[in-house]
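# Structural description and commentary
Chain residues, written in single-letter form:
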Amino acid sequence: MRFAIGDTDFLLDGEPHRVLSGAIHYFRVHPDLWADRIRKAKLMGLNTIETYVAWNAHAPSPGVFDLTGGLDLGRFLDLVAAEGMHAIVRPGPYICAEWANGGLPYWLFADGSVGVRRNEPGFLAAVQTYLQQLAPVLVPRQIDQGGPIVLVQVENEYGAYGSDPEYLRALEQMHRDIGLTVPFTSVDQPMGTMLEDGSLPSLHKTGSFGSRSAARLERLRRAQPTGPLMCSEFWDGWFDSWGEHHHTTSAADSAADLDVLLAAGGSVNIYMFHGGTNFGFTNGANDKGVYRPIATSYDYDAPLDEAGRPTSKFHAFRAVIERYAPVPPLPASMEPGGSGRLASDGADGVGLEARITPATDLAVRLDRVASLRSLLPTLTRWSAHDEPPTFDALGAASGFVLYRAEVDLPTGGVLTIGEEVRDRAIVSVDGVVVGVLEREHHDRAVVLPPVTGTLELLVEDQGRVDYGIRIGEPKGLIGGVAVDGVPLSRWTAAPLALDPIAPSALETLFAAEPTDGEVLAGPTFAAGSFDLDAVDDRYLALDGFRKGVAWVNGFCLGRYWSRGPQQTLAIPGPVLRRGRNAVVVLELHASASRTAHLLLEPNLGHTEG
């Protein structure tokens, strides 16, 4: 088959074709659930699945390129093909996506010599290697080779970042050089000169917007007089940041804007169809003068919620789509008020198993407790440094680094960070917390009491910036540490192995004797066990806890934070098992409770516009 760009339409084997796509990021969804989410996209009336490719997820360190398990992009695309659907792939190299570092590997910028998103030899050489590593996955899965891929996007909203046609031409040629033959696109907001700055005449321009469809399409047409109109990011919701409200958009308003777009003959990629979750430490952050880390949930108020169930938006969008294209029959379970689950008859081979709805929520007593300090031998190795090294210099992509120095301060003093804390530091002397420094508040100083002993700073990378000029910046205690203006030297540093958490740490924790009491004083690990007769998607609620990280059966669910808006962590059904299960929490501060709850429904925060 052939897919091409005609004078007015996309052409599938020479016939006009409308792209009806929905975004599903394979790296935000448990791989055992990919087929379920893809099938549901088809049931809404979509004919295409779009995904970014997260370079840094596949390449966590130099010389590594992982295409296994939840990163098996080839399998994901094969599942799309098995549903008879097409695919749009956006390999970047920059993707934004509210994902750590916008998808760019942290190690690429560790020595400060490599450019970011520009025509710089070191950056382009790394991109070339990345694309060559993707080639065996993408090239044979193009539509003209019998696969599902019909479009490939080059870069991502580049017009909001720069205007360098030489850079874009170099990227375009690299994509062609690995054997990609399908049409190439760009995407930018139809505002100002972004469409012109972010594209080339050889790239088909598409827009990104979520409202005012008629005006946005008119601006897109002015930038590109011929060819099909397409909104390749139709924003149907928005992401959440910690400490802000939970974002929702009106299903009726979004459906009306979608109707206008389709009535104009446009093609669409709904961003997101299913948002998923920033498991582990994968969330990004924004910094437009104030640092704002992205929440763990990427629910996005999408047509399919974080647990893969249809929302009112699913049904509103399906009603619009069926005015312009045929839609499959909807199973009763997917109708309003249904369970939202699909049962397979085994004939289609996609492995969608019928799941039994658990009857009740569960309370889990966290009766095993061990301080972070006591588990350090199982979590890390120390290294010596003249001054605090960055996370990047230590090979720590994300998470936590513990910095330690021996001090002699009989009268105390004022500790200051030279430039910036990235992103949050718990300051302790001899194991007693004396303060917290937060980048979000531009904190750089804390008063120390008299101490002759150990000074510790537990620094958390809360998310690498994914948008703007701060992409690629290092993490840690930037600019060094001083007390009363005198620099502190002779440090030891220890990155913590938390995703995945070291098996020896779990063994030590569960070997601890059960304890009574309610209060937890952090930084402390707490663990408990629970039994299930049947497995299904659940949500972990940690009422009374303040801030930390949680795991179920060794799988890192991500960060929790009492400031909200998110109040529960999604647990994918495949992470759970019948019989005994285990939950582990690292509470950084304190908790008034030692009981976690497994809920059937999420709590993303108060619903606001």
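Reading the values: rules and limits
For every chain, the first residue of the written sequence is number 1, and numbering continues from 1 along that sequence. In view of the model being predicted, local features appear only for residues whose pLDDT reaches at least 70, and side-chain atom pairs are presented and counted only at 80 or more, with totals across whole chains, interfaces and linings using the full set of residues. Side-chain numbers come from the whole structure's heavy atoms, not from hydrogens or water. Grid points spaced at 1 Å over the protein atoms alone were grouped into cavities, where a 1.4 Å probe fits but cannot get out, and pockets, open sets with protein on both sides within 12 Å along at least five of seven lines, with lining residues defined by an atom within 4 Å of a point. Grid points are joined across faces, edges and corners, and a volume is the space filled by probe spheres set on the points. Secondary structure elements follow DSSP: runs of H or I no shorter than four residues count as helices, runs of E no shorter than two count as strands, and numbering proceeds from the N terminus. A residue's pLDDT is simply how confident the predictor is in it, with values from 0 to 100. The contact criterion used throughout is that any non-hydrogen atoms of two residues lie within 4.5 Å. In this analysis an axis means a line fitted to C-alpha atoms, helices contributing only their contacting stretch, and an angle means the value between N-to-C directions, from 0 to 180 degrees. Roughly parallel means an angle under 35 degrees; roughly antiparallel means over 145; roughly perpendicular covers 65 to 115; every other angle is labelled oblique. Working rule for handedness: look at the near helix, and if it is turned counterclockwise from the far one by less than a right angle, call the crossing left-handed; if clockwise, right-handed. Throughout this entry, Asp, Glu, Lys and Arg are counted as charged residues, while Ala, Val, Leu, Ile, Met, Phe, Trp, Tyr, Cys and Pro are counted as nonpolar. The remaining residues, Gly among them, count as polar.

## A short note on the layout of surface pockets
Here the largest pocket is characterised by a volume of approximately 1100 Å³. What lines the largest pocket is a set of 43 residues, among which Ala57, Phe279, Phe281, Thr282 and Asp499 lie closest to the centre. Among the elements of the structure, helix 2 (55-58) and strand 34 (555-561) are those that each provide at least two residues to the lining of the largest pocket. Considering only enclosed or pocket space, the second largest pocket measures out at about 400 Å³ in volume. Along the wall of the second largest pocket there are 23 residues; nearest its centre are Glu98, Trp238, Phe239, Asn286 and Lys288.

## With respect to the confidence of the model for the protein chain
Atomic detail in the predicted coordinates should be set aside for any region of low pLDDT. For the protein chain, mean pLDDT is 95; residues scoring 70 or higher make up 97% of the total. Considering only residues more than four positions removed or in separate chains, one finds that residues 345-358, a stretch of pLDDT under 50, has 27 contacts.

## Observations concerning the packing of helix 8 (residues 251-263) against helix 9 (residues 312-321)
Where helix 8 contacts helix 9, the two axes come as close as 9 Å, and the packing angle between them is 25°. Classified by the interaxial angle, the pair formed by helix 8 and helix 9 is roughly parallel. The two elements helix 8 and helix 9 meet at a crossing, and its hand is right-handed. On helix 9, the residues touching Ala251, Ser254, Ala255, Leu258, Asp259 and Leu262 of helix 8 are Ser312, Lys313, Ala316, Phe317, Val320 and Ile321. Among the residues making up the contact of helix 8 with helix 9, the classes are represented as 8 nonpolar, 2 polar and 2 charged.

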